[in-house]
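Listed below, chain by chain, are the residues.
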Amino acid sequence: QLQSKILILTVCAAGIGGTFQYGYNISIINAPTSYIQTFMNETWLERTGVPLESNMILLLWSFTVSAYPLGGLTGAVVAGPMAIMLGRKMSLLLNNVFVIIAAVLSGFSRMAKSFEMIMLSRFFTGVNAGVSMNIQPMYLAESAPKKLRGAVALTSASFTALGLVLGQVVGLRELLGGEESWPFLLASNVVPALIQLTALPWFPESPRYLLIDRGDKESCISALQKLRGNSDLSAELEEMLAEQAAVKGQRAKNPWELFKNPALRWQLMSIVVLSSAMQLCGNDSMYFYAAYVFREAGIPQDKIPYVVIGTGSCELITSVTCNMIIDYAGRRPLLLGGYICMAGWAIVFMVALSQQTQISWMPYLSMACIFAYILSFGIGPAGVTGVLPTEVFDQMSRPAAYMICGSLLWFNLFLVGTAFPFIVKSLAHFCYVPFLVVCVCTALYVGFFLPETKGKSFLEISEEFKKRNFKAQTHAVFYKGPEEIKSTML
């Protein structure tokens, strides 16, 4: 029992300073929006004697908000080299430096009368989230036993959702969301960083990294013993040695090498489709709409923040549920179900929005849609997407795959964040049409092309994809006439 405790504690130590920060920092910026905009205006007035025009304030604010995904993109790109050179655990520890810098900048921004410090602090916060979103699932999936791999790697999504909810709670007016305390709210992300810096050093490095990247069998065995206790390690070690033999003589790959390699074609397609869909499916935009819909449903303005916490809790509950069932249900059914449900709810949501003023109970339907949409996202796409790159790539391609995944994730977050207000302006009630298209296409892709990875070793998964990647070529070689073709690959 002690060993499962050590695995659980490793998960918590990695998560609290890892993807928890991503969710937390996304949600703490919402509460003090108006205060920070006022602060920008006052600062400018003091410097120049002229107040800012309202569209300038909006422009400065959108710079502040978009500094976060920009930092995330930077973090995603440096995460690959960090994971290879420093190892998974060391990278997560070093990553906290960025948050500490960010907390100092935002904490003292009001004293220094500088709103530029807030922008810079959001950038560093983004770098931290970008690194942890890539390295944490990699570290955990490499440390977990095969039968728990999905559940353990999925905790990344649960920590993100936990961060979202806690950020919403801490951002309430009664806590740190008031006018006086917003610098402390923005600097509060230093607490999880300090917790991780004290806790994580006590836990082992990823055994796979030690054996396959470092070639250090002794450390690998001692790390495995810490994580698994005195259970028989021979089968697991044999599997790792086989994986080590399979990649012998190779060095860690660069992202562009993955694009050139025909043996990785389907793996790459799958993670590109899924990590793009994760941001382009409109889940984050639901939060954007939440306050408006709740207001229409007649919830008093001052009670809305509490209801919004409900939406965050929705995602938390489903990602924890998904955690429990992923290794029974498998990856495909969860992804497929999630995207199909989201497509359905998107249609209902658009109908409800368009009838909002005509029919008295419509606001309640659109409110239900928001919850249902977030639930559907949490049960599949939110968690499974982060697990897949670990499962479908070998040890040498994995860091590069996460770099591609992470870069897409952040780029699309930036894209949706920038484009969504304009989409709402031009399409009004039908603003969810683009998201609906994304959900339907992704569901089709998963249904036709994605193999199940549940309960298979990394080598077995590689073999399955190898068959797919080279299927087309084997047909080409043996082609003698139409009657020879037995099957066509979709």
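See the structure above.
Here we summarise the structure given alongside this text. (Residues numbered from 1 in each chain as written. Predicted model: local features only at pLDDT ≥ 70, side-chain atom pairs only at ≥ 80, totals over all residues. Heavy atoms only, no water.)

1. Comments concerning the overall build of the protein
To keep it simple, the criterion reads: Helix and strand definitions follow DSSP, with helices as H or I runs of at least four residues and strands as E runs of at least two, each counted in order from the N terminus. Based on C-alpha atoms, the radius of gyration is set beside the globule rule, defined as 2.2 Å times the residue count to the power 0.38. The contact criterion used is simple: two residues touch if any of their non-hydrogen atoms lie within 4.5 Å. A 1.4 Å probe and the Shrake-Rupley method give the accessible areas. Residues count as covered only by the protein chains that appear here. In this charge count, Lys and Arg are treated as positive and Asp and Glu as negative; neither His nor the chain ends contribute. A charged residue contributes its charge at one atom only: NZ of Lys, CZ of Arg, CG of Asp or CD of Glu.
Within the protein, the regular secondary structure consists of 23 helices and zero strands. For a compact globule of 490 residues, the expected C-alpha radius of gyration is about 23 Å, and the protein comes in at 24 Å, within 12% of that figure. In terms of overall dimensions, the protein has a C-alpha envelope of 75 × 55 × 45 Å along the principal axes. When contacts within the protein are restricted to residue pairs at least 6 apart in sequence, long-range pairs at least 24 apart make up 82% of them. Surface accessibility of the protein: about 20900 Å² in total, with carbon and sulfur atoms responsible for 70%. A gap of 5 Å separates the mean positions of the 35 positive and 31 negative side-chain charges of the protein.

2. Quick look at the pattern of salt bridges
Rules: The term salt bridge refers to a side-chain nitrogen of Lys or Arg lying within 4 Å of a carboxyl oxygen of Asp or Glu.
Using the criterion set out here, one finds 16 salt bridges in the structure. Salt-bridge contacts for Arg208 lead to Glu243; the nearest nitrogen and oxygen are separated by 3.0 Å. Placement of the pair is Arg208 in helix 11 (residues 207–213) and Glu243 in helix 13 (residues 234–246), with a sequence separation of 35 residues. The shortest N-O distance in the salt bridge between Glu391 and Arg331 comes to 2.6 Å. Taken together, the residues Glu391 in helix 20 (residues 381–392) and Arg331 in helix 18 (residues 331–354) connect sequence positions 60 residues apart.

3. A few points about the environment of Ser158
Definition in use: Burial classes follow relative accessibility: with a 1.4 Å probe on protein chains only, a residue under 20% of its type's maximum area counts as buried, one over 50% as exposed, and anything between as partly exposed.
Summarising the element assignment, Ser158 is placed in helix 8 (residues 149–170). A relative accessible area of 9% means that Ser158 is categorised as buried. Residues Ser158 and Glu53, 105 residues apart in the sequence, show an inter-C-alpha distance of 41 Å. In this structure Ser158 touches Leu316, Ser319, Val320 and Asn323, once residues within four positions along its chain are discounted.

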